[in-house]
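Each chain, letter by letter, is given below.
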Amino acid sequence: MTPKTEDELSEIIKAARDPLQIRGGGTRGGAGTGALLETGGLSGISLYEPGALTLVAGAGTPLAEIDTALARENQRLAFEPLDHRTLLGSSGEPTLGGVAATNASGPRRIQVGAARDFMLGVRFVDGAGNIVKNGGRVMKNVTGYDLVKLMAGSWGQLGVMTEVSLKVLPVPEMIATLLINGLNETRAVAAMSRALGSPFEITGAAHAPRGVDGHPVTMLRIEGFETQITYRAGELKKLLAEFGDIAVETDQDRVAAGWAWVRDVALMKDKPGDVWRFSVKPSDGPKLAAALGAEDILLDWGGGLVWARMPEGTDARTKMGDIAGHGTLVRMSDGSRGRIPRLHPEPAPVAKLTDGLRARFDPRGLFNLAPVPA
Amino acid sequence: MQMPTPDARVLSRKAEIVDRLRGVLPADAVIDDVAETRAYECDALTAYKCPPLAAVLPASTEEVAAVLKICHEMDVPVVPRGSGTSLAGGALPTADCVILGVSKLNEVLETDYDNRFIRVQTGRTNLSVTGAVEEQDFFYAPDPSSQLACAISGNIAMNSGGAHCLKYGVTTNNLLGVTMVMMDGTVVELGGAHLDAAGLDLLGVICGSEGQLGVVTEATLRILRKPEGARPVLMGFDANEVAGACVSDIIKAGVLPVAIEFMDRPCIRACEAFAKAGYPDCEALLIVEVEGSDEEIDHQLKLIMDIARRHNPVELREAKDADEAGRIWLGRKSAFGAMGQINDYMCLDGTIPVSELPRVLTRIGEMSKEYGLDVANVFHAGDGNMHPLILFDANKPGDLEKCEELGADILKLCVEVGGCLTGEHGVGIEKRDLMHVQYAPADLEAQMAVKDVFDPNWLLNSAKVFPLDASDARRALDVAAE
């Protein structure tokens, strides 16, 4: 089923008797189980005002189409959504709805925020077939409850998004990466923390114990006018002198490729096992990495986002100990399917709220992302 | 402004309710003397007043939980209160409610510069959060103009913004976690020092829910290192359209100022008469501020001034140092004081797409003439968050009502051009009955469904946000059940 309009979608949902599998571009598979419901018919940019930093598009709009329109005005989606195709080895076209429903956000999340922070408004159809709008297309809006945030990252559990409005940002004149070689995880996070605590507006801070050449590499990104890059790179070199020599990469293609490598977790591409994503306090990153004993580790968000490749069937959450945060099983091997829950279990009072919301927005259980039983 | 009829059963049980509250709180933390409850009869929307049944001032999350549990058991409505600076009546009591003030919850619980967060009790004021991290050159970014007085609890309830949100975002973009007490006394923890909470983004929906979903007692907030410096440029134009086009060109050029403030002629004149900041007498004035090192600021200001020159400004004045920066900001910062000296005023905060600025300003000018009330405009132009100030005379019979009608018409205009009723003040009671203008019944139903889940008996601040006719049936639920 590929509805062409919101009304058609509403009719389909009202008529549905069995669960639906909602699919955008299919790069992460579908959400849920059952008859396929595709959003591809709800596609197209309906409004783009570069001077107001605002874009509105149908949920099924391919991300590539949005990127192209933005690039023409020298603007971009600053939250840098990751492209799951690299890690999952999937095909298909990422869509705006998929990005919104998974709150997909990349390395720049530490400075500018996640997808949810750039979503200004949504339209969606809930499980009863009601067409609902929330938020709008202006940057400041506190009119009523913020259901936009609730829909962001909801994995299609509460409704099918039909339209999303976004705040976009200008592309800076120049982007540079500062590279430090040979640090262990603890030292790397210390270096990243110091940089992130400086006034130089770091927009990416990642560390790979085994980088592209097999050696530890720590990456810091700065963006701005060329004069700013020169000044800030110089200041950061002084600030981080004790961590070793710092190389500055300013070739724009190489810089972009490096951060795409981090963003898409290319390190773990085509390698066996499960891939986990943990969100913790940055200084807990090295501790968690050590506790996991993973086959591959990638630290992003200054240490607060830990990607780990683990042997098939390992419940990595059990290794968190007293570290606060949560883990998601992003790439699940066959041996783990059905044995390890994909999403982090919630404490009872929070689960009660989540279940309550799901029951209200999807009373017939059409959209439930079938949680994998423990 | 209509409020629901107080619940007679609650009023008749006042003594018993107060007794039970005294059982879980120290004696001085329960206020039931009629004269003393007057201290809580209104917030910054002073046109509306109503003393509560009682007020309580708990000093810990446990005490908040104990209070809510009792109120839940006894079906007593609760209105949470931070510092009472709401311009929308968010903390206005009903006669049958217990005011739950968080002013005693004002400790800093944890400061962590390596991980860039601070954890505070939510009665703490906005400015004192920055005060707690300033010695390390850090700050908490959202800066509502009431920041000296307003509490973090209220900031979270209203998702407060400020002058610098074009660059730093509003409260919801800087809130990492909360400890919240549900109406039945259950304590929930959401988020934490990590960047994204697991599961549904409940934190995102709690922020801006105007105290209707729970009472937030602790918050983990993102702190940032202060920029090396900041300086503004002032520019005057002889038409609102030109100023609007200049804002749009600055944004398109890839410079992201930390603030773009806009003042129209009535506002410029009033501020000039009050503060004598040396503003030009022109149709529209912009103050654009950028941050960075001295050289970085020079570079960005030059780009901005080059753009401004293409729009033939009547005045273009760059701040070369802190003193000149102070003079440029002087008039803008005294805007509200200047208006207060002229007359009583009502401040709206409808938000519009930036491209609609000229059209909206023209229309507001026409409406102002039709109603015979002066309107001055000062606002955050980068994000379209308007602040029309309607001048009226509270002592003149009928003037407040006329002012409210004009205000409603201006807000309807904001919605009509693609904007919203409120950008940062919240709905409260002030804009409650206008929610139909922006939202269809199904849109409001979806929002009220969230409250049903968090507060099934609709006891928490329930006479706010939703039009009374839309929420009537829900507020009556507990009564009907008996």
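The structure presented is a predicted model; accordingly, all values stated were derived computationally and were not measured.

Moving on to the overall build of chain A. When its secondary structure is counted, chain A shows 12 helices and 17 strands. Relative to its length of 374 residues, chain A is compact, with a C-alpha radius of gyration of 21 Å against a globular reference of 21 Å. Burial statistics for chain A: of 374 residues in total, 60% are counted as buried. Of all intrachain contacts in chain A linking residues separated by at least 6 positions in sequence, the fraction that spans at least 24 positions is 70%. Here chain A displays about 13400 Å² of accessible surface, and carbon together with sulfur accounts for 51% of that area.

It is worth spelling out the overall build of chain B at this point. Looking only at helices and strands, chain B features 20 helices and 18 strands. Its C-alpha atoms give chain B a radius of gyration of 23 Å, near enough to 23 Å, the size a compact globule of 482 residues would have. Dimensions of chain B, computed from C-alpha atoms along their principal axes, come out at roughly 70 × 55 × 40 Å. Looking at chain B residue by residue over its 482 residues, the buried ones come to 62%. Working note: accessible area of chain B is about 16600 Å², and carbon and sulfur atoms make up 50% of it. Side chains of chain B carry 42 positive and 74 negative charges; the gap between the two charge centres is 3 Å.

Residues and elements named next belong to chain A. Along its 12 residues, helix H8 (residues 185-196) runs 16 Å from first to last C-alpha, staying within 8% of the 16 Å computed at 1.5 Å per residue. Of the positions making up H8, those classed as buried are Ala188, Val189, Ala191, Met192, Ser193, Ala195 and Leu196. Two to three positions downstream of the cap, the backbone nitrogen of threonine 186 sits 3.2 Å from a side-chain oxygen, assigning the N-cap of H8 to asparagine 184.

We now examine the sheet that holds strand S6 (residues 119-126) of chain A. All names here are of chain A. With respect to topology, 5 strands assemble into an open sheet ordered S3-S4-S8-S6-S7, the strand pairing being antiparallel. At either end of the open sheet lies a strand with only one pairing partner, and these are strand S3 (45-49) and strand S7 (131-135). For this sheet, the mean inter-axis angle between neighbouring strands, taken without regard to orientation, is 15°. Pairing of S3 with strand S4 (residues 54-58), which is carried by 4 bridges, proceeds in the antiparallel orientation. Across the sheet, leucine 47 pairs through a bridge with valine 56, a residue of S4. Sheet contacts for helix H1 (residues 6-15): S6, S7 and strand S8 (159-167); angle to S6, the most-contacted strand, approximately 45°.

Thresholds applied
Residues numbered from 1 in each chain as written. Chains lettered and ligands numbered in written order. Predicted model: local features only at pLDDT ≥ 70, side-chain atom pairs only at ≥ 80, totals over all residues. Heavy atoms only, no water. Helix = DSSP H or I, 4+ residues; strand = E, 2+ residues; numbered from the N terminus. Rg over C-alpha atoms; globule rule 2.2 N^0.38 Å. Buried < 20%, exposed > 50% of the residue type's maximum accessible area, 1.4 Å probe, protein only. Contact = heavy atoms within 4.5 Å. Areas by Shrake-Rupley, 256 points an atom, 1.4 Å probe, with all protein chains shown as cover. Lys, Arg positive; Asp, Glu negative; His and termini not counted. Charge placed at Lys NZ, Arg CZ, Asp CG, Glu CD. Expected span 1.5 Å × (residues − 1). Polar contact = N/O pair within 3.5 Å; in protein donor to acceptor, adjacent residues only side chain to side chain. Pairing = 2+ DSSP bridges. Axes fitted to C-alpha atoms, helices over the stretch in contact; angles between N-to-C directions.

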